[in-house]
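Spelled out from the first residue to the last, the chains are:
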Amino acid sequence: MLTKKIKTPIIPFNFKVVIYENESDVEKLIHPFELETPLDTCKAACFEINNLTHLVINKNKSDLGIIVHEITHLTNIAFDWIGYKLDAENDEMQAYFQQYFFNEVLKVYNKY
C-alpha cells in the first residue's frame with residue numbers, strides 16, 4: 001500500500017491518495033469507517049475521514065477511466081469544501097483542478 005497526502009495550491013483543500021492491492025490494508029487505515037461499497041468489490045472510492053478526503057484506488061481493479069471518474073467526485077468535494085458552485089457556462093476552474101488532481105494522483109499511482 002502506498003499513501004500520500006496532497007496539498008492543493010490556491011484553495012485550502014488537502015486529500016490523501018491510497019493505492020493498494022490488499023483490501024485488509026485499507027480496512028485497517030479506515031477503521032472504524034465503513035464504505036457504502038465493500039472494498040472487495042470496489043475499484044476506487046472517494047470519501048472523508050476526520051475532515052480529510054481519501055481517494056483509495058485498487059491497483060489491480062482500476063484503470064485510468066476509473067481514476068478520472070473518482071477525480072470528478074474529488075473535484076466536487078473540493079469545491080463544496082470551499083463553497084464554490086460549479087458553473088456549466090464557465091468550467092475552466094473545474095477543468096484546471098481536475099487536471100491538477102489527476103496529475104498528482106497519477107504520480108502516486110505510477111510509483112506503486
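Structure shown above.
Residues numbered from 1 in each chain as written. Predicted model: local features only at pLDDT ≥ 70, side-chain atom pairs only at ≥ 80, totals over all residues. Heavy atoms only, no water.

Caption draft 1: Structural detail: the pairing of strand S2 (residues 14-20). Burial within S2 is extensive, with five of its seven residues counted as buried. Inspection of the sheet shows S2 paired to strand S4 (residues 52-58) by six bridges, in the parallel sense. By the bridge assignment, isoleucine 19 is partnered in S4 with isoleucine 57. (Buried < 20%, exposed > 50% of the residue type's maximum accessible area, 1.4 Å probe, protein only. Helix = DSSP H or I, 4+ residues; strand = E, 2+ residues; numbered from the N terminus. Pairing = 2+ DSSP bridges.)

Caption draft 2: Spatial organisation of helix H1 (residues 23-30). Within the sequence span of H1, burial applies to Glu23, Val26 and Ile30. Along H1, the residues classed as buried sweep out an arc of 65° about the axis, all on the same side. The inward-facing, buried residues of H1 abut S2, strand S3 (44-49) and S4. (Arc of directions from axis to C-beta. Contact = heavy atoms within 4.5 Å.)

Caption draft 3: The sheet that holds S3, seen in detail. The mixed open sheet is built from four strands, whose spatial order is S1-S2-S4-S3. On the outer flanks of this sheet lie strand S1 (2-7) and S3, each paired with one strand and no other. The mean inter-strand angle of the sheet, taken between neighbouring strand axes irrespective of direction, is 20°. H1 rests against S2, S3 and S4 of the sheet, and its axis sits at about 150° to S2. Running over the sheet, helix H2 (residues 64-82) touches S2, S3 and S4 and is turned about 20° from S3. (Axes fitted to C-alpha atoms, helices over the stretch in contact; angles between N-to-C directions.)

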